[in-house]
Amino acid sequence: MMFKGLRRVAQVACVLGMTLCAAPAAGQIRFGGFTDIFFYASEDSALESRSGLDLGQFILHLNSSISSRASVFAELTFTPRGDGWSTEVERVTLKFHYNDALKPSAGKYHTPISWWNVAYHHGLWLQTSFDRPQAIRFGSRFVPVHLLGAMVEGSVFPGAWSFDYSAGVGNGRADNIAEAGDGGDVDNSRAWVASAGARHDTFYDLRVGGSVYGDRFENTTGARTHEYIASAFVTLARETPEIVAEYFFVHHEDQSTLLTNQHHSFYVQLAYRLPWADQTFKPYARAESMDIEESDPAFLGLENDHRRYLVGLRADLRTTVALKLEGQRLREGERDYFNRFYGALSLAF
């Protein structure tokens, strides 16, 4: 019996080894990633440490074409904590490319509820600024930035103007509404999202569009909340100039009291790639606002009045190395304005 068990283990190990060895032949696995090293200084009295050096997230991308029409993509993050590192699967998708107009997929996504959330993923090197807008920062409860489910997307009517769309359904917010329902849907109801946009490739890469999102989840009192979110965006994607503006509207209805709360947020970011020094330097500025109704139990603890203004300079020292200097002035809730500074070296590999 013991030898039969050992033989079975050996057979399983042999099959696993052959599978792993054969994987590159079926489709090459490509690796890439990002990381950051940054210095921060803040006047925020609520912080235990007001200045110091930090190692940013270490992000790993894996991409494999398993056939001429199918591919697998995964994004892993390793985040330093005070007691070690935490690891998260941020995105993992199996996508079928039937044609440009029809690309169904399944997995975990960055929710297409925001242009920024889809254009700039983990890896600060990707985006112009150091910080994401407050409304869509990772870990925020304001809008769900991740979705586990199925999606269909595509681009139609190619020409000077073309139109993009995406639609999906999946698990909504988890018990911690800042997280996605990776381990299963906690309330037996599906979230849905749909987005559409138009783009003009010759007019400064103009993009305009919006999205809608719906879900149900339990708030901090245990009551069911119906959530509807709408957003709109306009961008000029070229860097001379770069303009990004987004608006978010969040509607919550408490099913136990039938009381409604409505929340708003927007940001506008401007940047311009300077023509000198081989176009190394890119100054930028952003203004953002977030207004949250204090009576909403789903957003209990979120600052009800957030304002932030920032200016910065990005210097692309090499194709995959960017230096960012960013100063911020912000106010949260009833607190006075305070200042914050970041200096970051962002890397892609």
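Rules and cut-offs
Counting restarts for each chain, with residues numbered from 1 along the sequence as it is written. This being a predicted model, a pLDDT of at least 70 is required before a residue's local features are given, and a value of 80 or more before pairs of side-chain atoms are given or counted; all residues contribute to the totals for chains, interfaces and linings. Where side-chain values are given, they derive from all heavy atoms of the structure, hydrogens and water being excluded. In this description, a nonpolar core means a group of buried Ala, Val, Leu, Ile, Met, Phe, Trp, Tyr and Cys residues linked to one another through side-chain atoms lying within 4.5 Å. Only protein chains enter the accessibility calculation, which uses a 1.4 Å probe. A residue is then buried if its area is under 20% of the maximum for its type, exposed if over 50%, and partly exposed in between. The helix and strand labels rest on DSSP assignments: H or I over at least four residues marks a helix, E over at least two residues marks a strand, and numbering proceeds from the N terminus. Contacts are assigned to residue pairs with any non-hydrogen atoms lying within 4.5 Å of each other. The convention is simple: Lys and Arg are positive, Asp and Glu are negative, and His and the chain ends are not counted. Take a side-chain nitrogen of Lys or Arg and a carboxyl oxygen of Asp or Glu: if they are within 4 Å of each other, that pair is a salt bridge. We call two N or O atoms a polar contact when they sit within 3.5 Å, provided that within protein one can donate a hydrogen and the other can accept it, with sequence-adjacent residues counted only if both atoms are side-chain atoms.

## Quick look at the nonpolar core
- Counting 27 residues, the largest nonpolar core has Trp116, Phe142, Val143, Phe248 and Phe299 as its most contacted members.
- For this core, the elements supplying multiple residues, two or more each, are α2 (115-119), β7 (146-156), β9 (190-200), β10 (206-218), β11 (224-236) and β12 (242-254).
- For this core, the element with the most residues is β12, which contributes 3 residues.
- In contact with Phe299, not counting residues within four places along its chain, are Arg141, Phe142, Ile177, Val250, His252, His263 and Ile292.
- Phe38, Tyr40, Leu124 and Phe130 belong to the second-largest nonpolar core, a separate cluster that totals 6 residues.

## With respect to the side chain of Asp296
- Structurally, Asp296 can be placed in the loop between β14 (281-291) and β15 (305-318).
- One buried charged residue, Asp296, remains without a salt bridge, the closest side chain of opposite sign being Arg141 at 8.6 Å.
- Separated by 2.7 Å, the side chains of Asp296 and His263 make a polar contact.
- Beyond its immediate sequence surroundings of up to four residues, Asp296 is in contact with His252, Asn261 and His263.

## Some remarks on unusual backbone geometry
- Omega for the bond connecting Thr240 with Pro241 falls within 30 degrees of zero, at 5°, which places this linkage in the cis form.
- Within the secondary structure, Pro241 is located in the loop between β11 and β12.
- Although it is not a glycine, Tyr204 sits at a positive phi angle of roughly 55°.
- By the secondary structure assignment, Tyr204 is in the loop between β9 and β10.
- Despite not being glycine, Leu258 has its phi angle at roughly 60°, a positive value.

## A word on the pattern of salt bridges
- Using the criterion set out here, one finds 22 salt bridges in the structure.
- Arg307 is paired through a salt bridge with Asp291; the nearest N and O atoms lie 3.0 Å apart. Note that Arg307 is positioned in strand β15 and Asp291 in strand β14, a separation of 16 residues in sequence.
- Owing to a relative accessible area of 18%, Arg307 belongs among the buried residues under this scheme.
- The salt bridge partner of Arg307 is Asp305, with a shortest N-O separation of 2.8 Å.
- Owing to a relative accessible area of 16%, Asp305 belongs among the buried residues under this scheme.
- Counted as one network, the salt bridges with shared partners bring together Glu239, Glu242, Arg273, Lys282, Arg314 and Asp316.

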